[in-house]
Amino acid sequence: MKISIIYYSETGTTAQAASWIAEGARAVAGVEVRLFNLAENDSPDKAFIEASDAVIFGTPTYVANMC
């Protein structure tokens, strides 16, 4: 099973939450997880994302608006 975690994090808080989710998913045998921080990576691996069985999105809120 492949899982993509796509998130945006400037301060690191959302990145930490994404890393905890990835750690938990990796504890299950046969699971492959990749993290994509959109603040650092302009071109995430689209082939991996399309092949993923699950895609998890993480976004912080700033003044009640999502990124």
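See above for the structure.
Notes on the structure in this doc start here. This is a predicted model, so every value here is computed, not measured. (Residues numbered from 1 in each chain as written. Predicted model: local features only at pLDDT ≥ 70, side-chain atom pairs only at ≥ 80, totals over all residues. Heavy atoms only, no water.)

1. Points about the pairing of strand E1 (residues 2-7)
It is a general feature of regular strands that their side chains alternate between the two faces of the sheet. Counting buried residues along E1, 5 of its 6 residues qualify, which places the element largely inside the surrounding structure. Judged from the 6 bridges that link them, E1 and strand E2 (residues 32-37) form a sheet pairing that is parallel. If you follow Ile-6 over to E2, its bridge partner there is Phe-36. Following the backbone out of E1, through helix H1 (residues 13-26) and into the adjacent parallel E2, one traces a crossover that is right-handed. Summarising the sheet, E1 and strand E3 (residues 54-58) pair through 5 bridges and their orientation is parallel. When the sheet's bridge partners are listed, Tyr-7 is paired in E3 with Gly-58. (Buried < 20%, exposed > 50% of the residue type's maximum accessible area, 1.4 Å probe, protein only. Helix = DSSP H or I, 4+ residues; strand = E, 2+ residues; numbered from the N terminus. Pairing = 2+ DSSP bridges. Right-handed = clockwise from strand over helix to strand, strands pointing away.)

2. A few points about the nonpolar core
Listed in full, the 8 residues of the largest apolar core are Ile-3, Ile-5, Tyr-7, Ala-18, Ala-22, Ala-25, Val-31 and Val-33. Those elements giving two or more residues to this core turn out to be E1 and H1. (Core = buried A, V, L, I, M, F, W, Y, C linked by side-chain atoms within 4.5 Å.)

3. Quick word on the pattern of salt bridges
The full count for this structure, using the stated rule, is 1 salt bridge. The shortest N-O distance in the salt bridge between Asp-45 and Arg-34 comes to 3.0 Å. Here Asp-45 is found in the loop between E2 and helix H2 (46-51), whereas its partner Arg-34 is found in strand E2, with 11 residues between them in sequence. What makes Asp-45 partly exposed here is its relative accessible area of 31%. (Salt bridge = Lys/Arg side-chain N within 4 Å of Asp/Glu carboxyl O.)

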